[in-house]
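# Chains, contacts and geometry: an overview
Read off the chains here:
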Amino acid sequence: MTEDALTKTGDRRADAGSPPAPPGAGTLLRLLRDGRPRTRAELAAVTGLARSTVTQRVDALLAGGLIGPAGEAASTGGRPPTTFVFDPGARVVLAADLGATYTRLALTDLAGRVLADTFADIEIARGPAEVLGWVAEHGHALLAQAGRVPEELLGTGIGLPGPVAHDTGRAVSPPIMPGWDGFDVPGFVGELLPGAVLVDNDVNIMAVGEHFARWSRARHLLFVKVATGIGCGIIADGAVYRGAKGAAGDMGHIQVPHGADVPCRCGNTGCLEAVASGSAIAAALAGRGIEAHGALDVVDLARGGSLPVLRALRQAGRDIGEVLAASVNMLNPSIIVIGGSLSQAGDHLLAGVREVIYQRSLPLATEDLSIVSSQVGERAGVIGAAVMVIEHGLAPQRVDALLAG
């Protein structure tokens, strides 16, 4: 990071005519979060700060436990200088991935590494008080399991299976979440757990988790979750793209040509989700006398080699590809990741997606496009929820405020 870029991240004075304030301790921490040990002299050279100012900032970060000594650098004459490095164990983060029929909870360090986790079959339709109460109760249990105390919690990140107004953390008219519309999730959880509470759509946090853990060099990525429903998380220029109201990526309710009059839970007909989701495939199979009640049953049947199921998955992939082909032309991602429970059924779903995208999208848009299965799997959501809290909590101005407090 250049000196100019670092200076721009510093807090600015209230009056626009004043020069920017010098980088604080939070800016030095952002520099050290790449994991490379640096001396005070190196930090001074990169930031342009005086050695005495750097020493003051480093001492504050040391006192806050956010960095630690990492040995000595090579001496250029005299006593070898001490190097310093980010300590990801300084705080912990609680992350919850709430699906239609499950809840996955994890405790991570500040590098997004899972320290402890748990899983339960809890339907989101049970309502916010019961589901979020479970999150808080088991969050405290995970803290104890990892030998940490609540005071070390930087915050809690939560993914919900429906539209979310990210700035307020409230669900907006979610079709499968009775009792959640407008519910103050951050306020409720904030009464039970310390630290900030951030909420986003579940597919957005999965996109963040997959991008962070496996594709951080890709600036443009689409993550498609195919499970009980279908949704898409968009990473544009390295950050989540939510749109004007947080509804970006709701591809499950785009109409597909052969959907015809198939009713969708949103009230329309012919939606992608109504013909290609795990629940839709299971319903279609059940209508043909094949016992299937949901996405996981479809996965089990596919793994058992059921030809009708494999054909259904291939067609579902084609239907998803129909919608994604337009997205590829419009957004030009370099990676499309197919995740969610149905992605665990083998390559037939992925093959159908690839078949249509490479046929329908522009050659320039697909020239360097990779279409792959999720590399992170079931933990993508909790990792993404943790990263959401980490990036928020370790923003330079918040680190400065944390150390000042």
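Quick note: structure is the one above.
The notes below deal with the structure included here. (Residues numbered from 1 in each chain as written. Predicted model: local features only at pLDDT ≥ 70, side-chain atom pairs only at ≥ 80, totals over all residues. Heavy atoms only, no water.)

## Examining the overall build of the protein
The line we're drawing: Put simply, DSSP H or I for four residues or longer makes a helix, DSSP E for two residues or longer makes a strand, and each gets a number counted from the N terminus. C-alpha atoms define the radius of gyration, and 2.2 Å times the number of residues to the power 0.38 defines the globule rule. The cut-offs for exposure are 20% and 50% of the maximum accessible area for each residue type, with area from a 1.4 Å probe on protein chains only; residues under the lower value are buried, those over the upper are exposed, and the others partly exposed.
Along its length, the protein carries 15 helices and 15 strands. The C-alpha radius of gyration of the protein comes to 24 Å, within 12% of the 22 Å expected for a compact globule of 405 residues. Taking the principal axes of the C-alpha coordinates as reference, the protein spans close to 80 × 50 × 45 Å. The proportion of buried residues among the 405 residues of the protein is 49%.

## A closer look at helix 4 (residues 51–63)
Our working rule: Under the convention used throughout, the expected extent of a helix is 1.5 Å for every residue step, that is, one less than its residue count. Arc definition: directions from the helix axis to the C-beta atoms.
Between the first and last C-alpha of helix 4 there are 18 Å, a value that for 13 residues agrees with the 18 Å anticipated at 1.5 Å per step. Buried within helix 4 we find Val 54, Arg 57, Val 58 and Leu 61. In a view along the axis of helix 4, the buried residues occupy a sector of 100°, so they form one face of it. Turned more than 90 degrees away from the buried face of helix 4, the exposed residues are Ser 52, Gln 56 and Ala 63.

## Description of the pattern of salt bridges
Between side chains of opposite charge, a pair can form when the charged atoms approach closely. Heads up, the condition is: Salt bridges are defined as contacts in which a side-chain nitrogen from Lys or Arg sits within 4 Å of a carboxyl oxygen from Asp or Glu.
Applying the stated criterion to the full structure yields 15 salt bridges. Between Asp 34 and Arg 38 there is a salt bridge; the shortest N-O distance is 2.8 Å. Note on Asp 34: relative accessible area 47%, which makes it partly exposed. According to the relative accessible area criterion, Arg 38 is buried, its value standing at 6%. A salt bridge links Arg 379 to Asp 117, with the shortest nitrogen-to-oxygen separation between them at 3.1 Å. Of the two residues, Arg 379 is situated in the loop between strand 15 (370–373) and helix 14 (380–393) and Asp 117 in strand 6 (residues 114–120); the sequence distance between them amounts to 262 residues.

## Focus: the packing of aromatic side chains
Just so we agree on the cut-off: Note on aromatic contacts: the rings of Phe and Tyr and the six-membered ring of Trp form a pair at centre separations within 6.5 Å, being stacked when their planes are under 30 degrees apart, edge-to-face when over 60 apart, and tilted otherwise.
Summed over the entire model, instances satisfying the criterion amount to 3 aromatic pairs. On the basis of an interplanar angle of 15° and a centroid distance of 5.9 Å, the ring pair of Tyr 102 and Phe 119 is categorised as stacked. Here Tyr 102, found in the loop between strand 4 (92–98) and strand 5 (103–108), pairs with Phe 119, found in strand 6; they are 17 residues apart in sequence, far enough to count as distant. Classification of Phe 119 by relative accessible area gives partly exposed; the value is 39%. Each ring, one from Trp 180 and one from Phe 183, has its centre 6.5 Å from the other, and the planes form 65°; the classification is edge-to-face. You can call Trp 180 buried: its relative accessible area is 0%. According to the relative accessible area criterion, Phe 183 is partly exposed, its value standing at 23%. Linked through ring pairs, Trp 180, Phe 183 and Phe 188 together constitute an aromatic cluster.

## Examining unusual backbone geometry
The backbone of Asp 237 shows a phi angle near 55°, a positive value even though the residue is not glycine. Within the secondary structure, Asp 237 is located in the loop between strand 12 (230–236) and strand 13 (239–240). Despite not being glycine, Asn 332 shows a phi value in the positive range, around 50°. Note that Asn 332 resides in the loop between helix 11 (307–331) and strand 14 (335–339).

## A look at the environment of Leu 394
Using the following cut-off: Residues are treated as being in contact if the distance between any of their heavy atoms lies within 4.5 Å.
You can see Leu 394 is positioned in the loop between helix 14 and helix 15 (396–404). For Leu 394 and Ser 370, which are 24 residues apart along the polypeptide, the C-alpha to C-alpha distance reads 32 Å. Among all residues touching Leu 394, those that are not within four sequence positions of it are Leu 29, Arg 33, Phe 86, Leu 110 and Val 399.

## Some points on the sheet that holds strand 12
The line we're drawing: Pairs of strands are assigned from DSSP output, requiring at least two bridges between the strands. In this analysis an axis means a line fitted to C-alpha atoms, helices contributing only their contacting stretch, and an angle means the value between N-to-C directions, from 0 to 180 degrees.
Ordered by their spatial adjacency, 5 strands build an open sheet running 13-12-11-14-15, and the pairing between neighbours is mixed. Only two strands of the sheet have a single neighbouring strand rather than two, namely strand 13 and strand 15. Where strand 11 (residues 221–226) lies against strand 12, 6 bridges are found, and the strand directions are antiparallel. The residue of strand 12 that forms the bridge with Phe 223 is Gly 233. Helix 7 (residues 202–214) rests against strand 11, strand 12, strand 13 and strand 14 of the sheet, and its axis sits at about 50° to strand 12. Along the sheet face, helix 12 (residues 348–360) touches strand 11, strand 14 and strand 15 and points at about 165° away from the line of strand 15.

## Some points on the state of the cysteines
Where we set the bar: Sulfur atoms of two cysteines make up a disulfide when they are within 2.5 Å.
Under the criterion given, the structure shown has 0 disulfides. Free cysteine: Cys 232, not disulfide-bonded; nearest cysteine sulfur from Cys 271 at 16 Å. Look at Cys 232 and you get buried, because its relative accessible area is 8%. A disulfide-free cysteine, Cys 266 has its sulfur positioned 3.7 Å from the sulfur of Cys 271, the nearest such atom. Owing to a relative accessible area of 34%, Cys 266 belongs among the partly exposed residues under this scheme.

## Observations regarding the nonpolar core
Put simply, the rule reads: What makes a nonpolar core is a set of buried Ala, Val, Leu, Ile, Met, Phe, Trp, Tyr and Cys residues whose side-chain atoms join them at distances within 4.5 Å.
Ranked by internal contacts, the top residues of the largest apolar core, which has 38 residues, are Val 224, Met 251, Ile 320, Leu 324, Ile 336, Ile 338 and Leu 342. Take this core: its biggest share by element is 8 residues, from helix 11. Other than its neighbours up to four places away in sequence, Val 224 contacts Ile 230, Gly 231, Cys 232, Met 251, Ile 320, Leu 324, Ile 336, Val 337, Ile 338 and Gly 339.

## A look at the sheet that holds strand 3 (residues 82–86)
As summarised here, the arrangement of the 3 strands in space is 1-3-2, forming an open sheet in which the pairing is antiparallel. For this open sheet the edge positions go to strand 1 (38–39) and strand 2 (67–72), each flanked by a neighbour on one side alone. Docked against the sheet, helix 2 (residues 25–32) engages strand 1, strand 2 and strand 3, running at close to 85° with respect to strand 3.

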